[in-house]
Amino acid sequence: MIPIEYWLVLSSLLFAIGAYGVLSRKNAIVVLMSIEIMLNAANINLVAFSRYHTVLHPLEDKDPTGQVFALFSIAIAAAEVAVGLAILLTVYRRYQTIDVDKINILRW
Amino acid sequence: MNRSGYVRGLAIIAFALLFIGAVLSVDWPSPAGFDERNDTVSNEDVGRAMFGVSGASGYGLIMVFIGVLLLVALLGGIFLAKEEKEEGQ
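Keep in mind it's a predicted model, so treat the numbers as computed, not measured.

**Some remarks on the overall build of chain A**
Reasoning step 1: In terms of helices and strands, chain A carries 3 helices and 0 strands.
Reasoning step 2: For chain A, the succession of helices and strands along the chain, N to C, is α-α-α.
Reasoning step 3: If you line up chain A on its principal axes, its C-alpha atoms span 60 × 25 × 15 Å.
Reasoning step 4: Within chain A, buried positions represent 24% of all 108 residues.
Reasoning step 5: Partitioning the contacts of chain A with sequence separation of at least 6, the portion at a separation of at least 24 is 49%.

Structure, rendered in structure tokens:
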């Protein structure tokens, strides 16, 4: 069994990489991908703690609620990406760019 | 990379080190009496937790809501992405 610290460190690194992408990149699609990386870091935490709970209490009933919540989180991330990409498509049609530094008004 | 890029990078590295330090400073209890073969959560267990074994247990209703959310997101995406017709066409 892999110790939970390793998963948490991996999750922290993924979250930091995603946060760096959101803060430093200008391409909106890369920003969207970085947000997905941050969401996946949260999913790793959910699954790791679910597994850790099972490992710590082997005599109780198995409780995979954390894994179920990770599946919900993945579904909601899919919905977010669908809307985000559609918004980016509209913004590109309007401004001919998806540079987040140049998209600075919330109207069109 | 310009100066603000370095500042952002350093801030993120400090952020990650803060998280990692917090994780490693906790004394996580080690498992005892864990049998890797019998105590591992299977896909069947996840399915049971998601849809329940009887009555209103499980998260079936939430699955339906998430399905509706995905449908709405799909329709919203199509609505936003569809080509606008030019005036007079």
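**Details of the interface of chain B and chain A**
Reasoning step 1: At the interface, 34 residues of chain B touch 34 residues of chain A.
Reasoning step 2: For the side of chain B that touches chain A, the secondary structure elements donating two or more residues are α1 (3–25), α2 (43–51) and α3 (60–81) of chain B.
Reasoning step 3: Its residues assigned to classes, the side of chain B that touches chain A comprises 24 nonpolar, 5 polar and 5 charged.

**Quick word on the confidence of the model for chain A**
Reasoning step 1: Mean pLDDT over chain A works out to 90, with 98% of the residues at or above the 70 mark.
Reasoning step 2: Averaged over each element, pLDDT in chain A is lowest for helix α3 (residues 65–95) of chain A (91) and highest for helix α1 (residues 4–24) of chain A (94).

**Observations regarding the nonpolar core**
Reasoning step 1: Ranked by size, the top nonpolar core spans 7 residues in total: Leu14(A), Phe15(A), Ala16(A), Ala19(A), Tyr20(A), Ala41(A) and Ile12(B).
Reasoning step 2: When residues in this core are grouped by element, the largest group, 5 residues, is from α1(A).

**Here's the deal with the packing of α1(A) against helix α2 (residues 28–56) of chain A**
Residue and element names in this part refer to chain A.
Reasoning step 1: Contact pair α1 / α2: the axes reach a minimum separation of 8 Å and the direction vectors enclose 165°. By the angle class used here, α1 and α2 are roughly antiparallel. Crossing handedness for the pair α1 and α2: left-handed.
Reasoning step 2: Class assignment for the residues of the contact of α1 with α2 results in 19 nonpolar, 6 polar and no charged.

**A look at the packing of α2(A) against α3(A)**
Residue and element names in this part refer to chain A.
Reasoning step 1: Their axes nearest at 8 Å, the elements α2 and α3 cross at an angle of 175°. Considering their axes alone, α2 and α3 lie roughly antiparallel with respect to each other. Between α2 and α3, the residues in contact are Ala 28, Ile 29, Leu 32, Glu 36, Leu 39, Ala 42, Asn 43, Leu 46, Val 47, Phe 49 and Ser 50 and Thr 65, Gly 66, Gln 67, Phe 69, Ala 70, Ser 73, Ile 74, Ala 77, Val 81, Gly 84 and Leu 88, respectively.
Reasoning step 2: Grouping the constituent residues of the contact of α2 with α3 by class yields 14 nonpolar, 7 polar and 1 charged.

**What about α2(A)?**
All names here are of chain A.
Reasoning step 1: The end-to-end C-alpha separation of α2 is 42 Å, in line with the 42 Å expected for 29 residues at 1.5 Å each.
Reasoning step 2: Those residues of α2 that sit buried are Val 31, Ala 41, Asn 43, Asn 45, Ala 48, Ser 50, Thr 54 and Val 55.
Reasoning step 3: Considering only its buried residues, α2 is in contact with α1 and α3.

**Re the environment of Ile103(A)**
Residue and element names in this part refer to chain A.
Reasoning step 1: Tracing the sequence through the fold places Ile 103 in the segment after α3.
Reasoning step 2: A C-alpha to C-alpha distance of 28 Å links Ile 103 and Ala 75, two positions 28 residues apart in sequence.
Reasoning step 3: Once residues within four sequence positions are removed from consideration, Ile 103 is found in contact with Val 91 and Tyr 95.

**Here's the deal with unusual backbone geometry**
Residues and elements named next belong to chain A.
Reasoning step 1: Although it is not a glycine, Gln 96 adopts a positive phi angle of roughly 60°.
Reasoning step 2: Looking at the element boundaries, Gln 96 is found in the segment after α3.
Reasoning step 3: Taking the number of C-beta atoms within 10 Å as the measure of exposure, Gln 96 has 8 and is therefore exposed.

**Observations regarding the confidence of the model for chain B**
All names here are of chain B.
Reasoning step 1: Counting all residues, the mean pLDDT for chain B is 84, and 87% of those residues have values of 70 or more.
Reasoning step 2: Mean pLDDT values for the elements of chain B range from 86 in α2 up to 91 in α3.
Reasoning step 3: The complex prediction reports pTM at 0.85, with the ipTM value standing at 0.77.

How each quantity is defined
Residues numbered from 1 in each chain as written. Chains lettered and ligands numbered in written order. Predicted model: local features only at pLDDT ≥ 70, side-chain atom pairs only at ≥ 80, totals over all residues. Helix = DSSP H or I, 4+ residues; strand = E, 2+ residues; numbered from the N terminus. Buried ≥ 20, exposed ≤ 12 C-beta atoms within 10 Å, placed from the backbone. Contact = placed C-beta atoms within 7 Å. Nonpolar A, V, L, I, M, F, W, Y, C, P; charged D, E, K, R; others polar. pLDDT = per-residue confidence, 0-100. Core = buried A, V, L, I, M, F, W, Y, C linked by C-beta atoms within 7 Å. Axes fitted to C-alpha atoms, helices over the stretch in contact; angles between N-to-C directions. Parallel < 35°, antiparallel > 145°, perpendicular 65-115°, else oblique. Left-handed = near helix turned anticlockwise from the far one by under 90°. Expected span 1.5 Å × (residues − 1).

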